[in-house]
Amino acid sequence: MKKIIKNGTIVTATDTYRADVCIENGVISGIGMNLSEVDAEVVDATGKYVFPGGIDPHTHLDMPFGGTVTRDDFETGTKAAAFGGTTTIIDFCLTKKGESLSSSLAEWHRKSKEKAVIDYGFHLQIVEMNDKVLNELPEMVEKEGITSFKVFMAYKNQFQADDETLFRTLVAAKELKALVMVHAENGDVIDYLVKKAINEGKTEPIYHALTRPPEVEGEATGRAATLTGLADSQLYVVHVSCAEAARKIAEARNNGINIWGETCPQYLVLDQTYLEKPNFEGAKYVWSPPLREKWNQDILWNAIKTGQLQTIGSDQCSFDFVGQKDLGKDDFSKIPNGGPLIEDRVSILYSEGVAKGRISLNQFVDITSTAAAKLFGLYPKKGTIAVGADADIVIFDPTIERTISVKNHHMAVDYNPFEGLQVTGEPVSVLSRGEFVIRNHQFVGKPGVGEFVKRAKFGERKVDKDVSATLH
Ligand code: URP
Ligand code: ZN
Ligand code: ZN
């Protein structure tokens, strides 16, 4: 049955206007005033914004890390994402040295297929580069729709790849029209600083931050940017946390290098002092890169406002405080890195960004949805409200006040790093390809309904549905 969302204010990355939206066969089939309600289910959006569904370009669901596995899997994680107004995620498919890329990809499909309640894609980790990997990459892009590769410059002896691997990945990505992503921290220097700290008996969570200073992020970001320029390739820097890294990206962009950057809500709102919380509570705030001194937040807000950073990822990587984070009780380097943010990413950016006057409504849509859709080959199928686009839609009430808390979140994890933060604005209903996943704040979706999305190559667009039959 067709649906008409009536009386809402449509907001895209460029426009804000009053109109109704007609949905048929999972796509937006019409936008206009006074659309015919005959044979339609009418959804009233009076006083609400109608946003394109959020796109979270950075999640780790059901991922082994640091001797444990993230608490949220594709079911709990995507459900929480939907509550928060996200309708597509792109998760990181880990790979292993010596194993084929296709077997890693098959594993990620297994993890997600029966569980996801919203659509999803994968980035592919490149941990080594050799003929076998090079031979497999074209198939990943052309056949599997995996058009972004991820290289970790940190996590020595675990995920870290060397500079040769990074450079050869950049060269291959240019050829294949894929986007390379980096976790930019100098893993070798961090490894030395961590060992030194532990030898000196410095074991508390705060030393996680002190052994990964901003310089190691700035240096790695600059290095990756330089290598990108040399390869004439394209680069996306994940989870930018500090002024040093943001400046390296801005500089490289000024020099004509194809580089984009993402930050995350934690770096915009929380700061390094959280790692000093007593009773090991600081472990809840262990991310890599770490939380920074508070003044960095203004630099990051300014970078997203001026377009030097383009997206916001949740970097969802959740571990329980009890039973997981406490693996590092006597040694900060054993605290699993990461936190739960998939649910609150959109709300925090709206509340801290739009409601506090730091960014415009249209910038908010761009940062939480459209820019990621364009960079990662999902646009215009996703990331906008337009005829022919998937009907991934968030009906958002900007007047609702809520307090973020573990007591009411939907993630599987036993704490929320934003506990007590008051936010303004909340999704009321969320549709994925025209079907309600969240309706009046209640989950009405189904695991397994989320579809894997094969993404277009970097810089290309594909419309893979014949929507002409449904257009008015
Ligand atoms: O601390 C973090 N960021 N954990 C997730 C893995 C990563 O580095 O993105
Ligand atoms: Zn990372
Ligand atoms: Zn991450």
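Residues numbered from 1 in each chain as written. Chains lettered and ligands numbered in written order. Predicted model: local features only at pLDDT ≥ 70, side-chain atom pairs only at ≥ 80, totals over all residues. Heavy atoms only, no water.

**Things to note about the overall build of the protein chain**
Our working rule: Each helix is a run of H or I in the DSSP string that is no shorter than four residues. Each strand is a run of E no shorter than two, and both are numbered from the N terminus. Within these notes, the globule rule equals 2.2 Å times the number of residues to the 0.38 power, and the radius of gyration is based on C-alpha atoms. Exposure classes here rest on a 1.4 Å probe applied to the protein chains alone. A residue is buried below 20% of its type maximum, exposed above 50%, and partly exposed in between. Residue contacts follow a heavy-atom distance rule, with two residues in contact if any of their heavy atoms lie within 4.5 Å. Note that accessible areas follow from Shrake-Rupley with a 1.4 Å probe, and for residues the cover is restricted to the protein chains shown. This count recognises Lys and Arg as positive and Asp and Glu as negative, with His and chain-terminal groups excluded. Charged side chains are reduced to one point each, which is NZ for Lys, CZ for Arg, CG for Asp and CD for Glu.
A count of helical and extended segments in the protein chain gives 12 helices and 21 strands. Here the protein chain has a C-alpha radius of gyration of 21 Å; the compact-globule value for 472 residues is 23 Å, and the two agree. Taken over the C-alpha atoms alone, the protein chain extends approximately 75 × 50 × 40 Å along its principal axes. Out of the 472 residues in the protein chain, the part that is buried amounts to 63%. Put simply, 77% of the contacts in the protein chain that link residues at least 6 apart link residues at least 24 apart. Surface summary for the protein chain: the accessible area is close to 17400 Å², and the carbon and sulfur share equals 48%. Mean positive and mean negative side-chain charge positions of the protein chain (53 and 65 charges, respectively) differ by 1 Å.

**Comments concerning the site of ligand 1**
To keep it simple, the criterion reads: Put simply, a residue is near a molecule or strand once any heavy atom of it comes within 4 Å of that molecule or strand. Each polar contact in these results corresponds to two N or O atoms within 3.5 Å; when the atoms are within protein, one needs to be able to donate a hydrogen and the other to accept it, and residues that are neighboring in sequence are counted only if both atoms are side-chain atoms. The pocket and cavity definitions rest on a 1 Å grid over protein atoms only: a 1.4 Å probe that fits but cannot leave marks a cavity, an open set with protein on both sides within 12 Å along at least five of seven lines marks a pocket, and residues lining either have an atom within 4 Å of a point. Cavity and pocket membership follows a simple rule, namely that a molecule belongs there if more than half of its atoms are within 2 Å of the grid points.
Every residue lining ligand 1 is accounted for by His58, His60, Phe152, Tyr155, His183, His239, Trp287, Ser288, Asp315, Cys317, Asn337 and Gly338. Here Tyr155 contributes a side-chain N or O atom positioned 2.5 Å from an oxygen atom of ligand 1. Asp315 is positioned such that a nitrogen or oxygen atom in its side chain is 2.6 Å from a nitrogen atom of ligand 1. Protein burial of ligand 1: of its 270 Å² of free accessible surface, 100% is covered by the chains. The cavity where ligand 1 resides is the largest cavity.

**As for the coordination of the zinc ion (ligand 3)**
The test is simple: Counted as donors are N, O and S atoms no farther than 2.8 Å from the metal, or 3.2 Å for Na, K and Ca; water is not among the atoms, and sites may therefore look incomplete. Only two sets of limits are used to name each site, 85 to 135 degrees for every angle of a tetrahedral four-donor site, and over 155 degrees for opposite donors with all other angles from 65 to 115 for a square planar four-donor or octahedral six-donor site, with any other site named irregular.
Every protein donor of the zinc ion (ligand 3) is accounted for by His58 (NE2), His60 (NE2) and Asp315 (OD), and the metal-donor separations fall at 1.9 to 2.1 Å. Each of the 4 donor atoms bound to the zinc ion (ligand 3) contributes to angles spanning 87 to 135°, and the resulting shape is tetrahedral. In primary-sequence terms, the residues that donate to the zinc ion (ligand 3) follow H-x1-H-x254-D. Between the zinc ion (ligand 3) and the zinc ion (ligand 2), the interatomic distance is 3.8 Å. Here Asp315 lies in the loop between β17 (311–312) and α11 (345–355) and His58 lies in strand β8 (residues 54–59), a separation of 257 residues in the sequence. For the pair shown, His58 and Asp315 are each scored as buried.

**Some remarks on the coordination of the zinc ion (ligand 2)**
Bound to the zinc ion (ligand 2) are the protein donor atoms His183 (ND1) and His239 (NE2), situated 2.0 Å from the metal. Taken together, the 4 donor atoms coordinating the zinc ion (ligand 2) span angles of 58 to 153° at the metal, a pattern that classifies the geometry as irregular.

**Some details on the layout of surface pockets**
As a reminder of what qualifies: Grid points are joined across faces, edges and corners, and a volume is the space filled by probe spheres set on the points. When residue character is reported, Ala, Val, Leu, Ile, Met, Phe, Trp, Tyr, Cys and Pro are called nonpolar, Asp, Glu, Lys and Arg charged, and the others, Gly included, polar.
In this structure, the largest pocket encloses a volume near 480 Å³. In this structure, the largest pocket is lined by 20 residues; those nearest its centre are Tyr155, Lys156, Gln158, Arg212 and Ser333. In terms of residue count, the dominant contributor to the lining of the largest pocket is helix α5 (residues 187–199) (5 residues). Residues of the lining of the largest pocket, tallied by class, amount to 8 nonpolar, 7 polar and 5 charged.

**Concerning the packing of helix α3 (residues 131–142) against helix α4 (residues 163–176)**
We count it as follows: Axis definition: a line fit to C-alpha positions, over the contact stretch in the case of helices; interaxial angles, taken between N-to-C directions, run 0 to 180 degrees. In this scheme the crossing of two helices becomes right-handed for a clockwise turn of the near helix relative to the far one and left-handed for an anticlockwise turn of less than a right angle.
At a closest axis distance of 11 Å, the pairing of α3 and α4 adopts a crossing angle of 35°. The way α3 lies across α4 gives a crossing that is right-handed. Listed contacts from α4 to Asp131, Leu134, Leu137, Pro138 and Val141 of α3 are Arg168, Ala172 and Leu176.

**Comments concerning the sheet that holds strand β20 (residues 435–439)**
Worth spelling out the cut-off: Pairing between strands is defined by DSSP: at least two bridges between them are needed.
Overall, mixed pairing links the 7 strands, which are arranged β3-β2-β7-β18-β19-β20-β21 in an open sheet. Sheet topology places β3 (16–18) and β21 (442–443) at the edges, where each strand pairs with a single neighbour. In this structure, strand β2 (residues 9–11) lies alongside β3, joined through 3 bridges in antiparallel fashion. Across the sheet, the residue bridging to Thr9 is Arg18, located in β3. Here α11 sits on the sheet and contacts β7 (49–52), β18 (393–403) and β19 (422–432); the angle it forms with β19, its principal contact strand, is near 130°. Its contacts with the sheet put helix α12 (residues 361–375) on β2, β3 and β7, and the angle it makes with β7 is roughly 35°.

**So, the sheet that holds strand β4 (residues 20–24)**
Here we have 4 strands laid out as an open sheet, ordered β5-β4-β1-β6, and mixed in their pairing. Whereas interior strands pair on both sides, the edge strands pair on one side only; in this sheet they are β5 (27–32) and β6 (40–44). For this sheet, the mean angle separating the axes of adjacent strands, direction not counted, is 20°. Sheet topology note: the strand β1 (residues 2–6)/β4 ladder contains 3 bridges and is antiparallel. Opposite Ile4, over in β4, you have Cys22 as the bridge partner.

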